[in-house]
Amino acid sequence: MSLPVYFAPLEGVTDTVYRQVHHAHFGGPVKYFIPFISPTQNLVLTPRERKNVDPQANAGFYAVPQVLAKNAGHFIWAANLLHDLGYEEINLNAGCPSGTVTAKGKGAGLLQRPQELSWLLDEIFAHTPVRVSVKTRIGFSSPEEFDALLEIYSRYPIHELIIHPRTREEYYKGSVHRDVYAAAEARTRLPLVYNGDLFTPQACRALEQAHPKTRALMLGRGMLANPALAQTYAGGAPLSRETLRAFHDDLLSAYQEAYPSSVVLGRMREVAKNIACCFEGAEKPLKAARKASSMAAYQDAVTRLFEDYALSANPCFSARS
Ligand SMILES: Cc1cc2nc3c(=O)[nH]c(=O)nc-3n(C[C@H](O)[C@H](O)[C@H](O)COP(=O)(O)O)c2cc1C
């Protein structure tokens, strides 16, 4: 039996169109996390945020909106709005490492001031009408911070604690601190979800066996590189050239319906970059797709890629791709 898989929120990539098209083509994720909305003083969502959490745009699968906030009033305002839209679960972002975010004390910035984090959680759990999960890193500067942070988290009825075992300062570099995750598993009764560097079905299986108290796995970059990763881990069909091509082509059509051509090209170049690992020896057409300055050039490169190159035996995210 495999663990349930959640599709991680990936701001700028897993937008409404991507989530819908992924769900139509591949099985696997039982939850799709929506990239963060970030409420500000004036308490209005941007048009882009509104679109991202529109229930119609997330129909057909279980979607979890995420909120980036350090101000309890802002979080609770967003929680009420999302509850009114029909969501029963929302996620607090305590992991975003971006300097512009942490400078405002949000995302992983919350981990720098544990006392303030605790006050925020007091307010959230006193006033939020829906289930709240938290996606966290293990510290701001050092993994040693996690003991105290976990002690705080464990005081609240957090629906799920999703742990990415790196500090803010590590961004996505180096290895994940699996020992810190193991220690957390031994110390808390909160339901834990593991996130970080799981790029193959074998890696998911090994995690599940090494950490038996884990309730679910959250997969991010591995899913962008191989969109059938969760499906394969769950015992379903591995990626094939045909399924990847059908996914790619539907994604392109859906973006063309939703966005102007300049935006579509940017999105698809990113898609080409993400699926680069799926082909072996295809540097030339992949480079052409990633650098294409017109849709015709992009389409031409993709046709060459799918017609002339074989799929890798084990498509897997690599930091170089
Ligand atoms: C381009 C990009 C955008 C991301 N956007 C978000 C986001 O909106 N919210 C969030 O909590 N994490 C975000 N993350 C972090 C991922 O959700 C995930 O935690 C990270 O990629 C590690 O998991 P992985 O090793 O499976 O990729 C983002 C990561 C990347 C690379």
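Our subject is the structure that appears above.
Residues numbered from 1 in each chain as written. Predicted model: local features only at pLDDT ≥ 70, side-chain atom pairs only at ≥ 80, totals over all residues. Heavy atoms only, no water.

Peer 1: Just to check I follow, could you spell out unusual backbone geometry for this structure?
Peer 2: With the exception of glycine, the majority of residues adopt a negative phi angle, and the majority of peptide bonds are in the trans configuration. Residues other than glycine seldom take positive phi values, yet L43 does so here, at roughly 50°. Tracing the sequence through the fold places L43 in the loop between β2 (29-37) and α2 (47-53). (Helix = DSSP H or I, 4+ residues; strand = E, 2+ residues; numbered from the N terminus.)

Peer 1: Looking at this model, I keep getting lost on the pairing of strand β5 (residues 131-137). Mind explaining?
Peer 2: Regular strands have side chains that alternate between both faces of the sheet. Within β5, 6 of the 7 residues are buried, which leaves it mostly tucked inside the rest of the structure. The pairing of strand β4 (residues 89-94) with β5 spans 6 bridges and is parallel. Bridging across to β5, L92 finds its partner in V134. Taking the sense of rotation as the criterion, the β-α-β connection linking β5, helix α6 (residues 146-153) and strand β6 (residues 161-164) turns out right-handed. (Buried < 20%, exposed > 50% of the residue type's maximum accessible area, 1.4 Å probe, protein only. Pairing = 2+ DSSP bridges. Right-handed = clockwise from strand over helix to strand, strands pointing away.)

Peer 1: Looking at this structure, I do not really get the site of the ligand. What am I missing?
Peer 2: Surveying the vicinity of the ligand reveals 18 residues, the closest of which are P9, Q66, N195, D197 and R221. Burial of the ligand by the protein amounts to 85% of the accessible area it has alone, namely 620 Å². Judged by its atoms lying within 2 Å of the grid points, the ligand is housed in the largest pocket. Of the residues belonging to the shell around the ligand, the class tally is 8 nonpolar, 6 polar and 4 charged. (Near = heavy atom within 4 Å. Areas by Shrake-Rupley, 256 points an atom, 1.4 Å probe, with all protein chains shown as cover. 1 Å grid on protein atoms, 1.4 Å probe; cavity = no way out; pocket = protein on both sides within 12 Å on 5 of 7 lines; lining within 4 Å. Sits in = over half its atoms within 2 Å of the grid points. Nonpolar A, V, L, I, M, F, W, Y, C, P; charged D, E, K, R; others polar.)

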